[in-house]
Amino acid sequence: MEDMPPLRLLFVCTGNSARSLMAEALAPHLFPGQLEAGSAGNSPSGTPHPLALAALKQHGIPHEHLSSKGIDAVQHQQWDVIVTLCDGAQADHCPALSIPSAITTHWGFPDPPMAKDPKGCFERVRGGIEQC
């Protein structure tokens, strides 16, 4: 029996600094060899949020490879599943959602930097993504 190629997941949110980057790091960590992941944002911040990186580091999840990028950097790659993580990325105008071969789904999570308790929210979002 031939080995199946890894399922390729693209995680999309607005800034690509927190939720989508955490998901990009978590997916292959939880399912090594079975999943490959990337991430992008509609309006990328340009840098990963330090509390997102801290939430990953605290649980021993590799994160050194993460970088904030726009959808244009990944939209011409082959993706099997596109997961939007915020309502802004779920909007119909998002070019990543027009990749015809990809299945799309939405996991709505709050924006941790906007929370009253950002540090706690980053940890809750990390845990929530891990449960999905």
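Data block above holds the structure.
Residues numbered from 1 in each chain as written. Predicted model: local features only at pLDDT ≥ 70, side-chain atom pairs only at ≥ 80, totals over all residues. Heavy atoms only, no water.

Caption draft 1: Just the pairing of strand β3 (residues 81-84), in detail. Burial along β3 is two-sided: Val81 and Val83 facing one way and Ile82 and Thr84 facing the other are all buried. Pairing of β3 with strand β4 (residues 103-106) involves four bridges; the strand directions are parallel. The partner of Thr84 across the bridge, within β4, is His106. (Buried < 20%, exposed > 50% of the residue type's maximum accessible area, 1.4 Å probe, protein only. Helix = DSSP H or I, 4+ residues; strand = E, 2+ residues; numbered from the N terminus. Pairing = 2+ DSSP bridges.)

Caption draft 2: Here's a closer look at the packing of helix α2 (residues 50-58) against helix α4 (residues 118-131). Closest axis-to-axis distance for the α2/α4 pair is 9 Å, and the angle between their directions is 55°. When the axes of α2 and α4 are compared, the pair comes out oblique. Once α2 is placed against α4, the crossing between them reads as right-handed. Seen from α2, the contacting residues are Leu51, Ala52, Ala55, Leu56 and Gln58; seen from α4, they are Pro118, Lys119, Phe122, Glu123 and Arg126. Class assignment for the residues of the contact of α2 with α4 results in six nonpolar, one polar and three charged. (Axes fitted to C-alpha atoms, helices over the stretch in contact; angles between N-to-C directions. Parallel < 35°, antiparallel > 145°, perpendicular 65-115°, else oblique. Left-handed = near helix turned anticlockwise from the far one by under 90°. Contact = heavy atoms within 4.5 Å. Nonpolar A, V, L, I, M, F, W, Y, C, P; charged D, E, K, R; others polar.)

Caption draft 3: Quick look at the pattern of salt bridges. Under the criterion given, the structure shown has six salt bridges. For the salt bridge of Arg19 with Asp111, the shortest nitrogen-to-oxygen distance reads 3.6 Å. With Arg19 in helix α1 (residues 19-30) and Asp111 in the loop between β4 and α4, this residue pair connects regions lying 92 residues apart in the sequence. Judged by its relative accessible area of 6%, Arg19 is buried. In this structure, the salt-bridge partner of Arg124 is Asp117, at a minimum N-O distance of 3.9 Å. (Salt bridge = Lys/Arg side-chain N within 4 Å of Asp/Glu carboxyl O.)

Function cannot be inferred from these measures alone, as they are strictly geometric.
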